[in-house]
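Structural overview
What follows is each chain in one-letter form.
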Amino acid sequence: MKLLKIYIFIALFLGSFQLSAQRITTGIQIGLNAFHQTEFQSNYLYSQNSYYIYYTGNSDKDDKPIYNQFFNGFHTGFNINVDYKRFMLTSEFTVMRNTIRTPVYFPTYLGGILEDDWSTYETINSSLNTALLLSVKFFSRANSPFLQFGAQYSVNRYNERQDNLDSEISNGISLFISENEMYGFLYTDDTKYWNAILALGLKNKDRYTSLRYSYRIPEAGAVMPSANLLKLELVHVRTLNFQRLRKGYKIYLEE
């Protein structure tokens, strides 16, 4: 119901904005998760579901629990745009898939590390997103750099893939590992939330290419993951003109 209200609001907002619009376009877009950083609050993760401790210090970062990933996800979708002079209002509808990898030492009970070997948890984040964004061109000419900002509503799903995790410690003795070891660290039960979006890009004819930063907006009463997650996306949009609006708001088809 909340998502339906958001769609209705976006439709009404676009409808009111088009009364003074110069052009209405639709577009298709793809995005790559170019950079993703996971920073934990501590070198040790205390699982809420199996009661194991995971060591996450990164030797490449002076043993700080920080891990960088590149091109670990993508999104695709379509958008609707209305233009007015240097401004463009965009409504986006996208689906996204993102893999967060967490290198850890073998899980242990309280009392130390068993082996000097690493395993990797993979947390798959899939989401359905809708956004309302405003783009402002730096110059009045047709092709120009632009600044874009707005908000995105995201409905998320998280699954842990443990194929790469070796739970056998010695002589056939294996550790019990739950299906939600990263719960509380990378995700919580609050899987529907708002993201703030800020992007810098370049318009070239009917193509818009941008570098986008998104940040989850804290909400009152919502439980946030303990890890800090930073994401930068490369986004490419190809617009398709289907009508222009003249003075007097008369619509004609573009030849």
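Presented here is an overview of the structure given in this document. Fair warning: this is a prediction, and the values are worked out from it, not measured in the lab.

Side note on the layout of surface pockets
Reported here for the largest pocket is a volume of approximately 610 Å³. Around the largest pocket sit 35 residues that line it, and Tyr-193, Asn-195, Ser-214, Arg-216 and Leu-229 are the ones nearest its centre. Secondary-structure elements contributing two or more residues to the lining of the largest pocket are strand S1 (23–39), strand S6 (87–105), strand S7 (118–137), strand S8 (145–161), strand S11 (192–204), strand S12 (207–216) and strand S13 (228–245). Counted by class, the lining of the largest pocket contains 14 nonpolar, 15 polar and six charged residues.

Focus on unusual backbone geometry
Its identity is not glycine, yet Asp-63 carries a phi of approximately 65 degrees, on the positive side. Looking at the secondary structure, you find Asp-63 in the loop between strand S3 (53–55) and strand S4 (66–70). Relative accessible area serves as the criterion here: at 39%, Asp-63 is assigned to the partly exposed category. In this structure, Lys-205 is a non-glycine residue whose phi angle is positive, near 60 degrees. Topologically, Lys-205 is positioned in the loop between S11 and S12.

Some details on the pattern of salt bridges
Enumeration over the complete set of coordinates arrives at five salt bridges. The salt bridge involving Glu-92 is made with Arg-212; its shortest N-O contact spans 2.7 Å. One end of the pair, Glu-92, is in strand S6; the other, Arg-212, is in strand S12, and 120 residues separate them in sequence. A single burial state applies to Glu-92 and to Arg-212, both of which are buried. The salt bridge partner of Arg-161 is Glu-122, with a shortest N-O separation of 2.8 Å. Taken together, the residues Arg-161 in strand S8 and Glu-122 in strand S7 connect sequence positions 39 residues apart. Look at Arg-161 and you get partly exposed, because its relative accessible area is 39%. Overlapping salt bridges bring together Arg-101, Glu-122 and Arg-161 as one network.

A closer look at the environment of Asp-206
By secondary structure assignment, the location of Asp-206 is in the loop between S11 and S12. Separated by 179 residues in sequence, Asp-206 and Gly-27 have C-alpha atoms that sit 9.2 Å apart. Here the side chain of Asp-206 touches Arg-207 through a polar contact of 3.3 Å, side chain to side chain.

Details of empty space enclosed by the protein
Counting across every chain of the model gives two cavities of 30 Å³ or more. Roughly 110 Å³ of internal volume is contained in the largest cavity. Lining the largest cavity are 15 residues, and of these Met-88, Phe-146, Gln-148, Tyr-208 and Val-237 lie nearest its centre. Mapped onto the lining of the largest cavity, the elements with two or more residues apiece are strand S5 (73–84), S6, S8, S12 and S13. When grouped by side-chain class, the residues that make up the lining of the largest cavity number five nonpolar, eight polar and two charged. Around the second largest cavity, the lining residues are Asn-33, Gly-73, Phe-74, His-75, Met-96, Arg-97, Asn-98, Lys-231 and Glu-233. Put simply, the parts of the chain that give the lining of the second largest cavity at least two residues each are S5, S6 and S13. Partitioned by chemical class, the residues of the lining of the second largest cavity number two nonpolar, four polar and three charged.

Reading guide: rules and limits
Residues numbered from 1 in each chain as written. Predicted model: local features only at pLDDT ≥ 70, side-chain atom pairs only at ≥ 80, totals over all residues. Heavy atoms only, no water. 1 Å grid on protein atoms, 1.4 Å probe; cavity = no way out; pocket = protein on both sides within 12 Å on 5 of 7 lines; lining within 4 Å. Points joined across faces, edges and corners; volume = space filled by probe spheres on them. Helix = DSSP H or I, 4+ residues; strand = E, 2+ residues; numbered from the N terminus. Nonpolar A, V, L, I, M, F, W, Y, C, P; charged D, E, K, R; others polar. Buried < 20%, exposed > 50% of the residue type's maximum accessible area, 1.4 Å probe, protein only. Salt bridge = Lys/Arg side-chain N within 4 Å of Asp/Glu carboxyl O. Polar contact = N/O pair within 3.5 Å; in protein donor to acceptor, adjacent residues only side chain to side chain.

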